[in-house]
Amino acid sequence: MSILTPTLKKIVNWLQVNDPESIAELRSGLTDQEIKKITQNLPLLFHTTNLTEQEIEQSLPLILPWEVGEIYHYCNGQIALTPSLFLEPLEKAIENTCYGEWMRGNKISSSSHILPLFHGDGKNFYYVICDSANKSPVWCVYVGEAPRMYAASLTSLILSTWECYETGAYYMYFDEESGYSYVEDDDNSEKAEKIFQKYNPEQMDDWRYFNRD
């Protein structure tokens, strides 16, 4: 087990205490056998896009990055890690591969498998590339835009998220008008920016693009 799972647990524990509604539907983790069964048809779904026969033959084999397996061993999604970062159940992430053609844009090879693990609070998805067991960068794409590299890896994304909670960059906010409390994840804050830069230094231009006013 890497640092990924303990850090994910810290986020879940924080939410359980401060925002239990966000984890009310959290699903239990999956076994290796369950993950294999769920993902076995991913290459077939991937090829429902308009690929030529030659492109299909040249496609890379599906290999889940080890970070993906570790996350889904811990939980099978259905959790808002932040209001703008919702971890999908693996089954739903597989379904979302049907949008792979436009998600790739011109930056990701048509022979690569992508897996949209997260969605945001708008028309945006976050995905990894499943062509290697090594860490994959996390890409973010909005409908109608080209994809951009959002985080160096799933591990760096989770570490960034936890440190934002731990340091108060993300916090509970009480709205007096509505009477509801919710997590305020202000990524435009100087504190959040420094944390993200600590773990994802090469992605800062894209991070600032997504968090522009």
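This write-up is about the structure you can find in this document.

What about the side chain of Glu-163?
For Glu-163, the location among the structural elements is in helix 8 (residues 154-167). Setting aside residues up to four positions removed in sequence, Glu-163 forms contacts with Ile-195, Lys-198 and Tyr-199.

What to know about the pattern of salt bridges
Working definition: two side chains of opposite charge can pair if their charged atoms are close together. In total, this model carries seven salt bridges according to the counting rule given. A salt bridge links Glu-95 to Lys-92; its shortest N-O distance comes to 3.8 Å. Of the two residues, Glu-95 and Lys-92 are both situated in helix 6 (residues 90-95); the distance of three residues between them amounts to about one turn of the helix. On the accessibility criterion, Lys-92 (34% relative accessible area) is partly exposed. Across the pair Asp-206 and Arg-148 runs a salt bridge, and its minimum N-O distance is 2.9 Å.

Side note on the layout of surface pockets
In this structure, the second largest pocket encloses a volume near 190 Å³. Every element with two or more residues in the lining of the second largest pocket is listed here: strand 1 (79-82) and strand 8 (180-185). Tallied by class, residues from the lining of the second largest pocket come to nine nonpolar, three polar and two charged.

Focus on the pairing of strand 3 (residues 114-119)
Burial analysis of strand 3 places five of its six residues in the buried class, which makes it a mostly covered element. Where strand 2 (residues 85-87) lies against strand 3, two bridges are found, and the strand directions are antiparallel. Across the sheet, the residue bridging to Leu-87 is Phe-118, located in strand 3. Across five bridges, the pairing between strand 3 and strand 4 (residues 124-129) is antiparallel. Residue pairing for strand 4: Pro-116 is matched across the bridge by Tyr-127. If you look at the hairpin formed by strand 3 and strand 4, you'll find four residues sitting between the two strands.

A closer look at the packing of aromatic side chains
Tallying each qualifying case throughout the model produces eleven aromatic pairs. Geometrically, the ring pair formed by Trp-102 and Phe-125 is edge-to-face, given 6.1 Å between the ring centres and 70 degrees between the ring planes. Highlighted residues: Trp-102 in helix 7 (residues 100-104) and Phe-125 in strand 4, separated in sequence by 23 residues. Residue Phe-125 is classed as buried on the basis of its relative accessible area of 14%. Among the aromatic residues, ring-to-ring pairing joins Tyr-126, Tyr-142, Tyr-150, Phe-196, Trp-207, Tyr-209 and Phe-210 into one connected group.

Rules used in this analysis
- Residues numbered from 1 in each chain as written.
- Predicted model: local features only at pLDDT ≥ 70, side-chain atom pairs only at ≥ 80, totals over all residues.
- Heavy atoms only, no water.
- Helix = DSSP H or I, 4+ residues; strand = E, 2+ residues; numbered from the N terminus.
- Contact = heavy atoms within 4.5 Å.
- Salt bridge = Lys/Arg side-chain N within 4 Å of Asp/Glu carboxyl O.
- Buried < 20%, exposed > 50% of the residue type's maximum accessible area, 1.4 Å probe, protein only.
- 1 Å grid on protein atoms, 1.4 Å probe; cavity = no way out; pocket = protein on both sides within 12 Å on 5 of 7 lines; lining within 4 Å.
- Points joined across faces, edges and corners; volume = space filled by probe spheres on them.
- Nonpolar A, V, L, I, M, F, W, Y, C, P; charged D, E, K, R; others polar.
- Pairing = 2+ DSSP bridges.
- Phe/Tyr/Trp six-rings, centres within 6.5 Å; stacked < 30°, edge-to-face > 60°.

Such coordinate-based values are descriptive only and should not be taken to indicate function.
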